[in-house]
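# Summary of structural features
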Amino acid sequence: MGGPVAPLMTAMVAESVERNRTNVYSRLTSLATIAAVAGAAFSSVVSSVVPDYYHLLFLVAMVLNAVSILFSLFLTERRDRVEKATRQDIIPRKSGRNILFISLSGAFGSVGLGMVIPLISLWFKMESLSTPEISVIFDISYIAAAVLVNFSPYFERRIGMINSVVLFRILGSVLLVFIPFLPAMGAAAIYILRTGFYQMALPIRQNFSMTVFAAEERSRGSSLTGLSRRLPYGFATTAGSVLLASGMYLALFLTAGTVSLLDPILYYLFFHGRERRGAVSDAAAAPPQQ
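Moving on, we come to the packing of helix α9 (residues 161-178) against helix α10 (residues 184-212). The geometry of α9 relative to α10 is characterised by a closest axis approach of 8 Å and an angle of 150° between their N-to-C directions. With respect to α10, the axis of α9 lies roughly antiparallel. Pair α9 / α10 crosses with left-handed handedness. Taken together, the residues of the contact of α9 with α10 break down into 16 nonpolar, five polar and three charged.

The next subject is the pattern of salt bridges. For side chains bearing opposite charge, pairing can occur when the charged atoms are close. All told, the structure shown has three salt bridges when counted by the stated rule. Note that Lys-94 is salt-bridged to Glu-216, the shortest N-O span being 2.6 Å. Here Glu-216 lies in the loop between α10 and α11 (218-245) and Lys-94 lies in the loop between α4 (79-86) and α5 (96-116), a separation of 122 residues in the sequence. The residue Asp-263 makes a salt bridge to Arg-169 at a minimum N-O spacing of 3.7 Å. You can see Asp-263 sitting in helix α12 (residues 249-271) and its partner Arg-169 sitting in helix α9, a full 94 residues away along the chain. Residue Asp-263 is classed as buried on the basis of its relative accessible area of 2%. Taken together, the shared-partner salt bridges connect Arg-169, Arg-205 and Asp-263 into one network.

About the cut-offs
Chains are numbered independently. Their residues run from 1 in the order of the written sequence. With pLDDT at 70 or above as the cut-off, local features in this predicted model cover only qualifying residues; side-chain atom pairs require 80 or more to be listed or tallied, and sums for whole chains, interfaces and linings still use all residues. The basis for every side-chain value is the complete set of non-hydrogen atoms in the structure, without hydrogens or water. Comment: axis = line fitted to C-alpha atoms, over the contacting stretch for helices; angle = value between 0 and 180 degrees taken between N-to-C directions. In this description a helix means any DSSP run of H or I spanning at least four residues, a strand means any run of E spanning at least two, and both kinds are numbered starting from the N terminus. The labels follow the angle: roughly parallel below 35 degrees, roughly antiparallel above 145, roughly perpendicular from 65 to 115, and oblique for the rest. Handedness of each helix crossing follows the sense of rotation of the near helix against the far helix: counterclockwise by less than a right angle gives left-handed, clockwise gives right-handed. Basically, the charged four are Asp, Glu, Lys and Arg, the nonpolar ten are Ala, Val, Leu, Ile, Met, Phe, Trp, Tyr, Cys and Pro, and anything else, Gly included, counts as polar. Salt bridges are identified by distance alone: a Lys or Arg side-chain nitrogen within 4 Å of an Asp or Glu carboxyl oxygen. Remark: exposure states derive from per-residue accessible area (1.4 Å probe, protein chains only) relative to the maximum for the residue type, with buried under 20%, exposed over 50%, and partly exposed in between.

Okay, here's the thing in C-alpha cells:
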C-alpha cells in the first residue's frame, strides 16, 4: 500500500509491535510483493480469455479496495498517542536530525536507481529480449525479493541493523555496474539478485527509522523520508533516459551504481554508532535524546 497511507501504516506497526519489529515488516513486505505478482498474473490471464477484460479488472480492483477499507475499520490506535500527536508542530523537531540523515542518504540511492530501474525493460529490449521474456524476469525478481526479505531478521540479529542495511544496499548498488558487461541472460540473473538484496534492507531500515524517530513523529518522519526518495527518483529518470537514448550504456549503469552506493556509505557514517549491540531486534521505541 503506497501513497499517503504507507507512512501511517509503518508508524502504526511500530506503535503496536515493540519487539521483533523487523519480522513484521518483512512479512508485510513479502505478502505485498506476492499479492502484486498474483495480481499481475490474474490480469494477464483475464486479458487473454475475456473480450472486455478491462471491465472485469476494474470491478475486481474496486471490490478488493472495498474489502481493504473494510478491514481497516478494525484497526485501533492508542488514544494518548493520537492526542499527543495533535499537539505537535507540523515540522518534526525531536526527530529532525535523524530524518535529515535518513533523507539525505536515501536521496542518493533514489537518484542512482531512478536513472536505470524505470528504464531497465527498455535496455533488455535493446538486448533482443522479447516482451514475455522481460515479463518473466520481472516476475522472478519480485518472487526473489518476496522470499529473500524473510531472511532480513536473521541478518539483523547476526550482524546488526546498520551493518545489514549497508551490506544489502552495497550489493544492490554494486551489482548494477556488472549488468552491461554480461550477455542478456546473465544480466537478467544479476538484476534478479540485486533486486532481492536491495529489498532485504527495507524492513530493517523501516525498523531502525521507527526506533530513532520520536513516537509522535513517526508518520511525519516516514512521509518526509519517503518524499526525499520519490522526488529524486523521478528527476533522475530523465537523466538516465538521455544516456540510454545516446547509447551510453556503460556510463548509465556505472553512474547509477556509483551514485546509489553513496546511500549505504552515508547511512553507515551517520548511524554506525547508534544501535545497541546484542539487542538489535528489540530496539527501544523511544529515540535517543537529540
